[in-house]
Amino acid sequence: MAGQAADGTTRVVDKKALLVKYIAERDKRLRADGNDQYLRLEGQLSHYLDDPYTPVAPREPKTDHVTFAFVGGGFAGLVTGARLVEAGVKDVRILEKGGDFGGTWYWNRYPGAQCDTASMIYMPLLEETGHMPSEKYAHAPEILEQCQRIGRQYGLYDNALFHTEVESLTWQEAEHRWLIRTNRGDAFTASFIGLGTGPLHVPKLPGIPGIGDFKGHAFHTSRWDYDYTGGDPKGALMEKLADKRVAIIGTGATSVQAVPHLSRACGKLYVVQRTPSSVDVRANAPIDPDWFKSIAEPGWQKRWLENFTANQAGGAADEDLVQDGWTDLSRRIRSKISDLPPERRTPMDMLAAYEDSDFEKMEEIRSRVDSIVSDRETAQKLKAWYRQLCKRPCFHDAYLQSFNSPSTVLVDTDGQGVEKITEKGFVVAGVEYEVDCIIYASGFEVGTPFEQRAGFDLAGRGGRRLSEAWAEGMKTLHGIHAHGFPNAFLVQPTQGANLISNIPHNLTESGATIAAIVREALDRGAQEVEVTAEAQAAWVDLLLTGMGRMLGSPDCTPGYYNNEGQDPGPAARLNVGYPHGASAFFTYIQGWRSSGAFEGLAFR
Ligand code: NDP
């Protein structure tokens, strides 16, 4: 099999040898403690969660009633709120633990934070708000501003409760409404509730021995301390780091974006790596207003969203409007498959074609490291030895270049992680590195139970908890409705389209579906709307006819895509999407909600 090097030359790829290397690298990293290797930020570590961006404003507890309460003020809450307002539901109350709207974009203000999916499809409600993204991949402040713009345009600020964490949600059978209690003493009711708590919102720290002993300064990337570093989220030089020795622990998508800024600013920067990320070309560019005007006809964003999904997730697409690293991967796979003569389009040959395109892509990405990083040993250590979708693919045009700066040092732990943290710094392979500041780019809880991450466990009909209903795995209709939990709606991608690289498309569709259902319930004068047990069971059966989870081939290096390399248990078989693909799901759900029949739901 042949692959292309970054300099355009063709190289022979030895698939067998590569697989052996992949497995050896995976084995180095497998560990028995899986998700338990991470620390929850509670007790002595709870200060890592403090909000550095907005002071908490005192307010009186709420004891009133609203039509719709939504937990989470990120994209899910904003797009659902917007669609509800458009449908005439004016009293939508969003509850949010941060000090403003934005969700992940409220918290993640680290320097260089930027969307990884093209702004034209990643930023929600661009057409409705009339906003033109400034760049192909917008930076975090602009995305946060878009969240605030949506909040203002749809009047969602009027009723919102910020710095508020929901503690319980209880269905009140007799009143046909939900009782919501929060950490701010609120105890109010809502006819309907929505949950958009997001998959990655609880920061975690690595369970490194001695982590509490460090006497220098330390923070998590999702609570960036600009008072300490100087600079700002727009990328201004962090001038206070000029005389500082700083370590950033972790080299995932966050670190890849922050390191170039740290490298520019720090007296000395140690980038502490356990597993290298695959870092492909970013090719960001400003968006030309004349070009934007020429394409921004009514319905443009829907067309772009659908085109991306069609390219990315198995639909029919004659053109590729977005043209990025995600559609490139899909395009290669499709072209390899279409190169096969018709008699060889068997599942085995198609899988082999898929593998070939992945091996080629990863060879290109590894060869890109050699073409950028001057020190051979450092370049070798920065190469990712796994399939592209084993871990979150990254795209950046300055990360690898940072390692050519004499003040930036890669401390590779050969898959083992940091040995210990001391009062003065950190230890890798027996060597202590003294630093003034440690920045944890160690990610967010993923494989933990929903109720642990959400901070509450829904109590539905008869007091039955959502955790009980889902003890053997998630069970819903469309990823939105759970039987036994009337008037409650989930806004998240699993058991819906399940498209991994552009979650906002899922969220916007869910918002539209929920608004249509609530409108229908109000128009019918129904007090309850609930998925029937039969409709839910039929949907779950349908999901199980699919090919299963697309992430996590057995040779994958551990990470949160594959439950840190551990068997996720039988419940995980339900963490899947519509078996006919994301494009087919969006077509299906649009038809389902516009038919007016709302098949599978009981209105009472
Ligand atoms: P990740 O969970 O992706 O990365 C955590 C990093 O910490 C990994 O490199 C991990 O290594 C490392 N680590 C963990 N424990 C140790 C240890 N003991 N010693 C040394 N290193 C350790 O977190 P991120 O914050 O980077 O990203 C989280 C997710 O947020 C992303 O995957 C992505 O989905 C999203 N994101 C999206 C962005 C966007 O769209 N623009 C930008 C940034 C993030 P190992 O790999 O070995 O586990």
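Residues numbered from 1 in each chain as written. Predicted model: local features only at pLDDT ≥ 70, side-chain atom pairs only at ≥ 80, totals over all residues. Heavy atoms only, no water.

Participant: Describe the overall build of the chain, listing the residues and the values that go with them.
Facilitator: Within the chain, the secondary structure is distributed over 19 helices and 22 strands. Relative to its length of 604 residues, the chain is compact, with a C-alpha radius of gyration of 24 Å against a globular reference of 25 Å. Referenced to the eigenvectors of the C-alpha coordinate spread, the extents of the chain come out at roughly 70 × 65 × 55 Å. Within the chain, the proportion of its 604 residues that are buried is 56%. Considering only intrachain contacts with a sequence separation of at least 6, the fraction spanning at least 24 residues in the chain is 72%. Per element, the accessible surface of the chain, about 24,700 Å² overall, is 52% carbon and sulfur. Of the side-chain charges in the chain, 64 are positive and 79 negative, and the distance between the mean point of each set is 1 Å. (Helix = DSSP H or I, 4+ residues; strand = E, 2+ residues; numbered from the N terminus. Rg over C-alpha atoms; globule rule 2.2 N^0.38 Å. Buried < 20%, exposed > 50% of the residue type's maximum accessible area, 1.4 Å probe, protein only. Contact = heavy atoms within 4.5 Å. Areas by Shrake-Rupley, 256 points an atom, 1.4 Å probe, with all protein chains shown as cover. Lys, Arg positive; Asp, Glu negative; His and termini not counted. Charge placed at Lys NZ, Arg CZ, Asp CG, Glu CD.)

Participant: I'd like to hear about the packing of aromatic side chains, residue by residue, with values.
Facilitator: For the coordinates displayed, the defined rule picks out 34 aromatic pairs. Relative to Trp224, the ring of Phe219 has its centre 5.0 Å away and its plane inclined at 75°; by these criteria the two rings are edge-to-face. Each member of the pair Phe219 and Trp224 is classed as buried. With a centroid separation of 5.2 Å and 65° between ring planes, the pair formed by Tyr270 and Tyr433 is classed as edge-to-face. Taken as a pair, Tyr270 in strand S12 (residues 268-273) and Tyr433 in strand S18 (residues 431-434) lie far apart in primary sequence, 163 residues in all. (Phe/Tyr/Trp six-rings, centres within 6.5 Å; stacked < 30°, edge-to-face > 60°.)

Participant: Go over the pattern of salt bridges, please, and point to the residues and values.
Facilitator: The tally for this structure, following the rule as stated, stands at 35 salt bridges. One salt bridge connects Glu25 with Arg29, and the closest N-O pair in it is separated by 2.9 Å. With Glu25 and Arg29 both in helix H1 (residues 15-29) and four residues apart, the pair spans about one turn of that helix. The two residues Glu25 and Arg29 agree in class, both being buried. Between Glu445 and Arg40 there is a salt bridge, with its nearest N and O atoms 2.6 Å apart. Of this pair, Glu445 sits in the loop between strand S19 (437-440) and helix H15 (450-454) while Arg40 sits in strand S3 (residues 38-40); the two residues are 405 residues apart in sequence, bridging distant segments of the chain. On the basis of relative accessible area, Glu445 is assigned to the buried category, the value being 5%. (Salt bridge = Lys/Arg side-chain N within 4 Å of Asp/Glu carboxyl O.)

Participant: Can you tell me about the environment of Arg464, naming the residues and giving the values?
Facilitator: Topologically, Arg464 is positioned in the loop between H15 and helix H16 (466-469). Overall, Arg464 belongs to the partly exposed group, its relative accessible area being 42%. Beyond its immediate sequence surroundings of up to four residues, Arg464 is in contact with Leu458, Ala459, Ala469 and Phe485.

Participant: So what's going on with the state of the cysteines? Which residues, and what values?
Facilitator: Counting across every chain of the model gives one disulfide. Two residues, Cys390 and Cys556, share a disulfide whose sulfurs are 2.0 Å apart. Taking the torsion about the sulfur-sulfur bond, which here is approximately -75°, the covalent link between Cys390 and Cys556 counts as left-handed. Within this pair, whereas Cys390 is found in the loop between helix H13 (376-381) and strand S14 (394-395), its partner Cys556 is found in the loop between helix H18 (533-543) and helix H19 (582-594), the two being separated by 166 residues in sequence. Cysteine Cys115 is unpaired, with the sulfur of Cys147 as its nearest cysteine sulfur at 11 Å. According to the relative accessible area criterion, Cys115 is buried, its value standing at 1%. (Disulfide = S-S within 2.5 Å.)

Participant: Outline unusual backbone geometry, supporting the account with residue identities and numerical values.
Facilitator: At Leu125, a position not held by glycine, the phi torsion is positive, near 55°. Along the chain, Leu125 falls in the loop between helix H4 (119-122) and helix H5 (126-129). The exposure class of Leu125 is buried, given its relative accessible area of 2%. Its identity as a non-glycine residue notwithstanding, His163 has a phi of 45°, on the positive side. Counting through the fold element by element, His163 comes out in the loop between helix H6 (140-153) and strand S6 (166-172). Exposure remark for His163: the relative accessible area of 10% places this residue in the buried category.

Participant: Help me get a handle on the sheet that holds strand S17 (residues 425-428), residues and values and all.
Facilitator: Taken together, the three strands give an open sheet; going across it, the order is S16-S17-S18, and neighbouring strands pair in antiparallel fashion. Both outer strands of the open sheet, strand S16 (420-421) and S18, are each paired with one neighbouring strand and no more. The pairing of S17 with S18 spans four bridges and is classified as antiparallel. Within S18, the position partnered with Gly425 by the bridge is Glu434. (Pairing = 2+ DSSP bridges.)

Participant: With reference to specific residues and values, describe the environment of Arg461.
Facilitator: You can see Arg461 is positioned in the loop between H15 and H16. Take Arg461: its relative accessible area is 23%, and that puts it in the partly exposed class. As a C-alpha pair, Arg461 and His483 span 22 residues in sequence and 9.1 Å in three-dimensional space. Excluding residues within four positions of it along the chain, Arg461 makes contact with Trp171, Glu173, Gly484, Pro486, Glu528, Glu530 and Arg604. A distance of 2.5 Å separates polar atoms of two side chains, one belonging to Arg461 and the other to Glu173. (Polar contact = N/O pair within 3.5 Å; in protein donor to acceptor, adjacent residues only side chain to side chain.)

Participant: Could you give an account of the pairing of S17, naming the residues involved and the relevant values?
Facilitator: Both S16 and S17 contribute to a ladder of two bridges, which runs antiparallel. By the bridge assignment, Ile421 is partnered in S17 with Phe426. The hairpin turn running from S17 into S18, its antiparallel successor, is two residues long, and Ala429 in that turn takes a positive phi close to 50°.

Participant: Give a detailed account of the site of the ligand, specifying residues and quantitative values.
Facilitator: Near the ligand you find 26 residues, and of these Gln114, Thr254, Arg274, Thr275 and Tyr560 are the closest. Out of a free accessible area of 910 Å², the ligand has 89% covered by protein chains. Broken down by element, the residue count for the shell around the ligand peaks at three residues, all from helix H8 (residues 253-265). Classifying every residue of the shell around the ligand by side-chain character gives 12 nonpolar, 10 polar and four charged. (Near = heavy atom within 4 Å. Nonpolar A, V, L, I, M, F, W, Y, C, P; charged D, E, K, R; others polar.)

Participant: Mind laying out the sheet that holds S12, listing which residues take part and the relevant values?
Facilitator: Reading across from one edge, S10-S19-S11-S12-S15 is the order of the five strands in this open sheet, with parallel pairing throughout. Each edge of the sheet is formed by a strand with only one pairing partner; in this case those strands are strand S10 (217-220) and strand S15 (408-412). Neighbour to neighbour, the strand axes of the sheet diverge by 20° on average, direction disregarded. The pairing of S12 with S15 spans five bridges and is parallel. From the neighbouring strand, Val271 faces S15, where its bridge partner is Leu410. (Axes fitted to C-alpha atoms, helices over the stretch in contact; angles between N-to-C directions.)

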